[in-house]
Amino acid sequence: MAQPAASPMPIARELVRLDARPAGKAAAIAEAGQLLAAAGCVDAGYAESMGRREQAANTFLGHGVAIPHGMGEDRGLVRRNGLAILQVRDGIEWNPGQIAHLVIGIAAASDEHIAILRRLTRLLNDPATLQRLFTTEDPEAIIAALGAEPAAAPPGVPANDLAERFDWVVDYPTGLHARPATRWVEAARATGCRIQVRHGEQAADAAALVGLLQLGLRAGDRVTVSAEGRDAAAALARMRAAITGLSAQEKADAALAAQRAAAPVRGWEPAGRLVSLPGIAASPGLAIGRVHVLADAEAAIPDTPLPLAEGGARLEAAIRATRAQLTALEDDTARRLGPGEAAIFRAHAGLLDDPDLITLTCQLMVEGHGLAWSWHQAVERVAGGLAALGNPVLAGRAADLRDVGRRVLGQIDPALAGGTLSDLPEGPVILVAEDLAPSDTAGLDPAKVVGLATAAGGPTSHTAILARTLGLPALVAGGRALLDLRPGTQAVLDGSAGLLHLDPGEADLAAARAWMEAQQEQRAREAARRAEPAVTRDGHRVEVAANINLPDQADFALAQGAEGVGLMRTEFLFLERGETPDEEDQHRIYRAMLEALQGRPLIVRALDIGGDKQVPHLRLPVEANPFLGVRGARLLLRRPDLLEPQLRALYRAAAGGGPLSIMFPMVTSVPEVIALRAACERIRAELGAPEVPVGIMVEVPAAAVQADALAKHVDFFSVGTNDLTQYVLAIDRQNPELAPEADSLHPAVLRLIAQTVEAATRHGRWVGVCGGLAGEPFGAALLAGLGVAELSMTPRDIPAVKSVLRGATLAGLRDLAARATACGTAAEVKALEPELLAMTRPAAQEAA
Ligand code: PEP
Ligand code: MG
């Protein structure tokens with residue numbers, strides 16, 4: 001059998017045919033085959049094999065390029081590697097709607113395919129060059145474009161910079177990790193120019209996330225950023241502003257992470273001699289529990305070939321569904337843990353945009369592999385490459401990529417999703433895993449899992465950040481020895497020292513417990529009284545409720561001291577599923593929530609879709625400014641098919657008993673409320689259901705300003721400070737750059753809340769707040785002082801909020817709130833916080 005030469009793929013001049021005019025696809029394949037045979041690359045029969053290949057799989061790569069090649073079993077016909085290139089200026093139809101201008105016949109042993117396809121990938125990402133090759137008169141241009149290996153710049157020769165350039169020294173303390181890199185990609189794409197980032201001899205297209213991350217940039221690295229294209233100088237200036245504009249936030253994040261990691265814990269040491277596995281401290285605190293080793297989610301991925309067109313369509317659908325899932329997760333995490341943590345999932349969605357991943361998957365499918373197998377391989381190759389660079393920043397990113405990869409795999413075939421977090425034993429559990437995906441960490445049940453230890457990962461990984469936010473002690477990079485632990489082993493995890501102490505004796509366990517108790521004294525004091533009402537020292541009670549979306553979150557909320565649910569965001573029922581839940585499904589969920597609350601009040605918010613909460617399967621028209629578009633109540637009034645089943649489900653649930661209220665989001669005007677109430681009343685009457693209180697969110701300035709007019713038509717108001725802040729200050733709530741300025745303590749926001757309360761009180765209506773400000777102790781205190789009757793928040797925030805209210809007097813809070821609304825800036829408002837502490841400290845000391 002002829003052995004293919006091991007040399008790089010040659011492109012001989014005689015193998016390039018300019019302005020070829022084959023009669024059709026079959027003729028083009030035959031012509032490419034003849035060229036290869038004439039040059040001695042293949043034996044006779046290879047052209048025929050190329051034709052057969054085309055019957056089995058489509059070799060159209062996209063962007064006007066097709067890559068016909070022989071069947072795998074005919075590799076023996078390849079005498080030496082070679083490429084034959086037909087330039088077809090007018091194009092030929094490869095498949096309906098697919099026009100090929102470059103037909104690249106490949107003769108290669110299997111491994112060589114990958115190298116060729118990698119070169120083509122670069123070209124596919126560079127449409128301008130590709131267009132030139134479609135019409136060039138110069139064969140050398142084609143040879144040069146296809147001949148060079150993209151990442152293989154010879155040692156010592158730096159990649160070429162583009163026309164305009166600037167140098168920059170990375171000053172992000174944790175290097176260029178996925179979140180800032182996502183912003184770079186967004187900025188680069190927005191310029192419309194080609195932007196390149198070069199570090200030494202390695203260069204990456206700034207519009208491709210994985211390539212950027214592969215540069216492995218650390219703090220102190222010098223890079224050259226260059227641009228070419230229309231108005232490249234201005235584009236580069238915008239890029240520079242985007243890059244340097246992130247520095248302050250990155251530094252602040254790193255300082256906060258360091259502060260949190262170093263925070264309250266100092267040196268617990270076991271008295272006995274224990275076996276202790278070392279890792280890197282990732283989230284402080286001690287945890288005592290039994291080890292549960294998470295089974296390797298690596299299921300065997302079947303390799304079932306399918307037609308390329310079908311594979312492409314299914315890949316696209318899986319990516320689209322994953323993107324929707326990530327949006328839901330981002331939104332939910334933003335509400336539960338904060339926008340900083342939620343940004344992780346936007347970065348994940350950015351990974352899905354990366355052309356390298358998609359192209360590599362397509363290339364593998366072009367080779368005849370199945371969709372799931374190709375995707376998995378592509379993810380593993382890119383993630384493996386990141387992990388192997390020995391750079392801790394990149395090691396953390398490999399976990400992100402695998403997390404996204406697993407999600408897409410789950411969409412391709414649910415049986416391949418992996419993940420074994422559903423069968424955790426009863427807690428308390430110290431979860432041990434190779435690495436934990438950020439989305440798994442965000443979704444951990446805090447009632448069961450008390451600590452995390454991962455074999456891989458780094459201290460700046462998103463999993464570590466989430467663990468800190470969740471208050472879960474964690475260590476990372478503990479090595480594979482962790483995975484060999486016997487499940488059920490008793491252990492003490494020290495997330496401050498980065499140690500997992502095994503089989504502690506009774507004395508050590510007792511000492512660890514005592515230590516934990518001492519550390520958590522303050523928190524315990526708050527928590528101990530979390531079930532008691534929040535009554536100020538002068539006897540004023542404020543209702544404290546939880547923001548939860550699903551019935552199975554109710555137990556935790558009640559255990560944290562929730563007195564009901566002040567906000568159930570029903571859009572998550574739509575966002576998380578990828579399909580519209582029908583009336584029956586919704587009824588079941590609302591009933592389950594009422595039952596889980598055991599007679600406590602439940603406020604269900606009707607669908608708030610639009611703005612940042614896009615539901616792809618509803619296929620709503622794309623809007624230029626979705627936050628100012630058909631959102632919330634506006635959508636409900638236009639879509640009875642969404643409003644009516646929801647109202648029917650709600651009234652049926654109310655008929656089953658339990659204090660249920662309905663609340664409408666994004667209301668701007670009296671006629672909207674009248675129309676919504678009319679729909680409620682019609683459906684209630686049809687069902688013979690009881691009347692329920694109907695309220696509205698106050699999150700648009702118009703609603704606050706006109707609260708007196710609206711109050712005549714509603715039973716209550718609940719202020720959404722997240723949106724109210726956004727609309728009052730004209731700051732997109734998702735814009736991380738402006739996040740510090742989007743402060744709900746801005747006096748303008750506080751004044752509108754004060755105005756709402758005054759108007760509502762005149763009409764005998766009550767006002768709650770269910771936006772983020774309600775869950776911050778200082779914010780909650782001011783709101784109570786403004787006369788807000790109910791505060792609804794993330795369950796975890798409840799004990800601290802109740803504690804601060806109990807420590808204050810209503811008179812003191814009123815005085816504080818009046819001074820806050822008179823302040824000129826949010827900073828001046830914040831400067832009042834020590835006065836609140838002074839007011840509450842004597843009470844706290846008393847309680848102690
Ligand atoms: C708000 O806007 O404050 C609010 C509670 O609603 P959401 O965050 O769901 O928009
Ligand atoms: Mg809102």
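Residues numbered from 1 in each chain as written. Chains lettered and ligands numbered in written order. Predicted model: local features only at pLDDT ≥ 70, side-chain atom pairs only at ≥ 80, totals over all residues. Heavy atoms only, no water.

### Remarks on the site of ligand 1
The local shell around ligand 1 holds 16 residues, among which R569, R605, G720, N722 and R733 are the closest. In the model, an oxygen atom of ligand 1 is placed 3.5 Å from a nitrogen or oxygen of the R631 side chain. With respect to ligand 1, the side chain of D723 contributes an N or O atom lying 2.9 Å from an oxygen atom. Protein chains bury 100% of the 290 Å² of accessible surface belonging to ligand 1 in isolation. One can see that ligand 1 is located within the largest cavity. Of all the secondary-structure elements, those providing two or more residues to the shell around ligand 1 are β20 (565-569) and α27 (721-729). (Near = heavy atom within 4 Å. Polar contact = N/O pair within 3.5 Å; in protein donor to acceptor, adjacent residues only side chain to side chain. Areas by Shrake-Rupley, 256 points an atom, 1.4 Å probe, with all protein chains shown as cover. 1 Å grid on protein atoms, 1.4 Å probe; cavity = no way out; pocket = protein on both sides within 12 Å on 5 of 7 lines; lining within 4 Å. Sits in = over half its atoms within 2 Å of the grid points. Helix = DSSP H or I, 4+ residues; strand = E, 2+ residues; numbered from the N terminus.)

### Let's talk about the pattern of salt bridges
The full count for this structure, using the stated rule, is 36 salt bridges. A salt bridge links R52 to E48, with the shortest nitrogen-to-oxygen separation between them at 3.2 Å. Here R52 and its partner E48 are both found in helix α2 (residues 46-56), four residues apart, which amounts to about one turn of the helix. What makes E48 exposed here is its relative accessible area of 51%. Between D608 and R631 there is a salt bridge whose closest N-O contact spans 3.0 Å. (Salt bridge = Lys/Arg side-chain N within 4 Å of Asp/Glu carboxyl O. Buried < 20%, exposed > 50% of the residue type's maximum accessible area, 1.4 Å probe, protein only.)

### Here we look at the confidence of the model for the protein
Averaged over all residues, the pLDDT of the protein equals 83, while 85% of them reach at least 70. Low confidence marks residues 149-158, where pLDDT is under 50. Its contacts with residues over four positions away, or in another chain, come to 14 contacts. Low pLDDT, under 50, characterises residues 259-266; the predicted model gives this stretch 14 contacts beyond four residues in sequence or across chains. (pLDDT = per-residue confidence, 0-100. Contact = heavy atoms within 4.5 Å.)

### Focus: the coordination of the magnesium ion (ligand 2)
The expected angle between donors at a tetrahedral four-coordinate metal is 109.5 degrees. At an octahedral six-coordinate metal it is 90 or 180 degrees. At 2.0 to 2.2 Å from the magnesium ion (ligand 2) lie its protein donor atoms, namely E699 (OE) and D723 (OD). Within this pair, whereas E699 is found in the loop between β23 (694-698) and α25 (701-705), its partner D723 is found in helix α27, the two being separated by 24 residues in sequence. Residue E699 is classed as buried on the basis of its relative accessible area, which comes to 2%. (Donors = N, O, S within 2.8 Å, 3.2 Å for Na, K, Ca; no water.)

### Describing the sheet that holds strand β3 (residues 65-66)
The mixed open sheet is built from five strands, whose spatial order is β1-β4-β5-β3-β2. Edge positions in the sheet fall to β1 (16-17) and β2 (60-62), since each has one partner strand and no second. In this structure, β2 lies alongside β3, joined through two bridges in antiparallel fashion. Paired with F60 across the bridge in β3 is A66. Of the strands in this sheet, β1, β4 (82-95) and β5 (98-107) are in contact with helix α1 (residues 25-38), which crosses β4 at around 170 degrees. (Pairing = 2+ DSSP bridges. Axes fitted to C-alpha atoms, helices over the stretch in contact; angles between N-to-C directions.)

### Some thoughts on the packing of aromatic side chains
Taken as a whole and assessed by the stated rule, the structure comprises four aromatic pairs. Taking 5.9 Å as the distance between ring centres and 65 degrees as the angle between the ring planes, the aromatic pair formed by W168 and W184 counts as edge-to-face. With W168 in strand β6 (residues 164-169) and W184 in helix α6 (residues 178-191), this residue pair connects regions lying 16 residues apart in the sequence. The exposure class assigned to W168 is buried, which follows from its relative accessible area of 8%. Ring geometry for F716 and W766: centres 4.9 Å apart, planes at 5 degrees, overall stacked. Separated by 50 residues along the polypeptide, F716 in strand β24 (residues 716-719) and W766 in strand β25 (residues 766-769) bring together distant segments of the chain. The class of F716 is buried, set by a relative accessible area of 1%. Linked through ring pairs, W168, Y172 and W184 together constitute an aromatic cluster. (Phe/Tyr/Trp six-rings, centres within 6.5 Å; stacked < 30°, edge-to-face > 60°.)

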